[in-house]
Amino acid sequence: MIDQIRSLFVGNETLPFDVEKLSDQDNLYDAGMTSFASVQIMLAIEEQFDIEFPEEMLTRRTFASLANIADAVSKLTKEAA
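Residues numbered from 1 in each chain as written. Predicted model: local features only at pLDDT ≥ 70, side-chain atom pairs only at ≥ 80, totals over all residues. Heavy atoms only, no water.

(A) Just the packing of helix α1 (residues 2-10) against helix α3 (residues 35-49), in detail. Where α1 meets α3, the axes come as close as 10 Å, and the angle between the chain directions of the two elements is 135 degrees. With respect to each other, α1 and α3 are oriented oblique. The handedness of the crossing between α1 and α3 is right-handed. Judged by residue contacts, Gln4, Ile5, Leu8 and Phe9 of α1 engage Ile41, Ala44, Ile45, Gln48 and Phe49 from α3. (Axes fitted to C-alpha atoms, helices over the stretch in contact; angles between N-to-C directions. Helix = DSSP H or I, 4+ residues; strand = E, 2+ residues; numbered from the N terminus. Parallel < 35°, antiparallel > 145°, perpendicular 65-115°, else oblique. Left-handed = near helix turned anticlockwise from the far one by under 90°. Contact = heavy atoms within 4.5 Å.)

As structure tokens, this is what we get:
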């Protein structure tokens, strides 16, 4: 799942960093991700996994790292099943 999420970052031109050089736990905001970029990533993830992030998950912490995002997506896909 993290590889699928990472590939969505690779295709996002608004990110000022190479996601391939980051570990799954690196802070994406420290690397330069903006709130605008996080919204774009969120929308791409929702489309890719056919999920919708509930309001309580729309936090900086949820999108702070690839591992956090994968954890949230995993929870949402299990709920949808």
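That covers the picture; the talk isn't over yet.
(B) Geometry of the nonpolar core. Membership of the largest hydrophobic core comes to 26 residues, with the highest contact counts inside it found for Ile5, Phe9, Met33, Ile45 and Phe53. It is helix α4 (residues 66-80) that provides the largest number of residues to this core, a total of six residues. Not counting the four nearest positions on each side in its chain, Ile45 is found in contact with Ile5, Leu8, Asp50, Ile51, Phe53, Ile69 and Val73. (Core = buried A, V, L, I, M, F, W, Y, C linked by side-chain atoms within 4.5 Å. Buried < 20%, exposed > 50% of the residue type's maximum accessible area, 1.4 Å probe, protein only.)

(C) Representation of unusual backbone geometry within the structure. Of note in the backbone geometry, Asp50 takes a positive phi value of approximately 55 degrees without being a glycine. Considering the arrangement of structural elements, one finds Asp50 in the loop between α3 and α4. Residue classification places Asp50 among the exposed residues on the basis of a relative accessible area of 68%.

(D) The pattern of salt bridges, seen in detail. Applying the stated rule across the entire model yields two salt bridges. With a shortest N-O distance of 2.6 Å, Arg6 and Asp24 are connected by a salt bridge. With Arg6 in helix α1 and Asp24 in the loop between α1 and α2 (28-31), the pair connects residues that are 18 residues apart, well separated along the chain. When its relative accessible area of 10% is taken as the criterion, Arg6 is described as buried. The partly exposed category is assigned to Asp24, whose relative accessible area is 25%. Between Lys75 and Asp71 there is a salt bridge, and its shortest N-O distance comes to 3.6 Å. Here Lys75 pairs with Asp71, and both are found in helix α4, just four residues apart, close to one helical turn. Of the residues examined, Lys75 reaches a relative accessible area of 45% and is grouped as partly exposed. (Salt bridge = Lys/Arg side-chain N within 4 Å of Asp/Glu carboxyl O.)

Remember, this is a structural readout, not a statement about activity or role.
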